[in-house]
Amino acid sequence: MQLFDEGLHSGVNLALKVDKILYRDQTDLQDLMIFENKNFGRVMSLDGSVQTTEKDEFIYHEMFVHVPMLAHGNARRALIVGGGDGGAARQLMKYRDIAVTMVDIDRTVVELSRKYMPSVSGGAFDDPRLDLVIADGCKFVKETDETWDVIIIDSTDPHGPGEVLYTQEFYSDCKSCLTPGGVIITQNGVPFVQEEELRTSYQRLGRLFQDVSFYLAAIPSYVGGIMAYGWATDDASLRKVSLSTLAARYVEAGISTDYYTPEVHKAAFALPLNIQKALTRDE
Ligand code: AG3
């Protein structure tokens, strides 16, 4: 029996049974593998870490997109940095009046996701409302003079090509291309095994934004428990939008989801005490 043995964390590993390898090669930037697993369907890994699986990507991407979109309530322009599998783009396409820019550094990720895992992007790459840019996200946000209402940083963990997407400089450049009242969401890892990354992002974002927090969701293929999305905005009211307003916006948007509900949205911001303590602890 062949096992995919994830090397992301030093003390704990996710092992997935590999039923069939569909693709394995080195792109210009990273090692990319796509294989089949009974429970997760097709799985894409980059540099040995699970990025996306057919069966649980809906949880990750729905929470990444609908939480900021419905909290904002009037977002017309969204930027995805990373997200080459197209999962976040697919969720954004559910909004009628949306224009999406997606900047991923690795064209091969886009091409292979499209080919081997078409349900993840679900046609988003053929949608005229999506502008796909193959470029370094860091450089892109530094140089652009465009602005966005919602910025989704759908990166790998802070190793390899994704590492720069966790720096103070990158967050600051993102802030300069955010419209007033806009919000930035980050992929911030699994706190139980990546507490340092949570603390670091909290400090870096905290130097730049009035309201910085996290919200949570459990993604079965990201080992170690519940994962955290970073939330950064100068408009503190976005985190306080009432359940009835979220519910009205959800109905009005006419979107359908399999994980997200307005109730789950509200609940996701409740941080367990150990996470609150990790954020405020002096060290
Ligand atoms: N973004 C999240 C990768 C997280 C990997 N972490 C892990 N395996 N524990 C990847 C892109 C998904 N659109």
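Use the structure listed above.
Worth saying up front: this structure is predicted, and the values here are computed from it rather than measured.

A. Seen up close, the packing of aromatic side chains. Throughout the structure, instances matching the rule amount to 14 aromatic pairs. On the basis of an interplanar angle of 80° and a centroid distance of 5.2 Å, the ring pair of Tyr-60 and Phe-64 is categorised as edge-to-face. A residue pair is termed a helical-turn pair when its members lie 3 or 4 positions apart in one helix, as Tyr-60 and Phe-64 do in helix 1 (residues 57-72) at four residues. Just as Tyr-60 is buried, Phe-64 falls in that class too. Ring centres of Phe-64 and Tyr-229 lie 5.1 Å apart, and the angle between their planes is 65°; on these two criteria the pair is classed as edge-to-face. A residue pair is termed long-range when its members are at least 10 positions apart, and Phe-64 in helix 1 and Tyr-229 in strand 13 (residues 226-233) qualify at 165 residues. One aromatic cluster in this structure is built from Tyr-60, Phe-64, Tyr-215, Tyr-222, Tyr-229, Trp-231 and Phe-269. The cationic tip of Lys-175 hangs over the ring face of Phe-209; the distance from NZ or CZ to the ring centre is 4.9 Å.

B. Expanded view of the layout of surface pockets. Of the volumes computed, that of the largest pocket is approximately 300 Å³. For the largest pocket, the lining is made up of 14 residues, of which Gly-73, Arg-76, Tyr-95, Glu-252 and Ala-253 are closest to its centre. Split into classes, the residues belonging to the lining of the largest pocket amount to seven nonpolar, two polar and five charged. The computed volume of the second largest pocket comes to approximately 160 Å³. As for the second largest pocket, its lining consists of Pro-191, Phe-192, Glu-195, Leu-198, Gly-224, Gly-225, Ile-226, Pro-272, Asn-274, Ile-275 and Ala-278. The element contributing the most residues to the lining of the second largest pocket is helix 10 (residues 273-280), with three residues. Partitioned by chemical class, the residues of the lining of the second largest pocket number seven nonpolar, three polar and one charged.

C. Broad picture of the pairing of strand 13. Burial of strand 13 is extensive: seven of the eight residues sit out of reach of the surface. By the bridge criterion, five bridges tie strand 11 (residues 178-187) to strand 13 in an arrangement that is antiparallel. Paired with Gln-187 across the strands is Tyr-229, a residue of strand 13. Two elements, strand 12 (residues 211-218) and strand 13, share eight bridges in a ladder whose sense is antiparallel. From the neighbouring strand, Phe-214 faces strand 13, where its bridge partner is Gly-230.

How each quantity is defined
Residues numbered from 1 in each chain as written. Predicted model: local features only at pLDDT ≥ 70, side-chain atom pairs only at ≥ 80, totals over all residues. Heavy atoms only, no water. Phe/Tyr/Trp six-rings, centres within 6.5 Å; stacked < 30°, edge-to-face > 60°. Helix = DSSP H or I, 4+ residues; strand = E, 2+ residues; numbered from the N terminus. Buried < 20%, exposed > 50% of the residue type's maximum accessible area, 1.4 Å probe, protein only. Lys NZ or Arg CZ within 6 Å of the ring centre and 35° of its normal. 1 Å grid on protein atoms, 1.4 Å probe; cavity = no way out; pocket = protein on both sides within 12 Å on 5 of 7 lines; lining within 4 Å. Points joined across faces, edges and corners; volume = space filled by probe spheres on them. Nonpolar A, V, L, I, M, F, W, Y, C, P; charged D, E, K, R; others polar. Pairing = 2+ DSSP bridges.

Remember that the coordinates give geometry; whether it matters functionally is a separate question.
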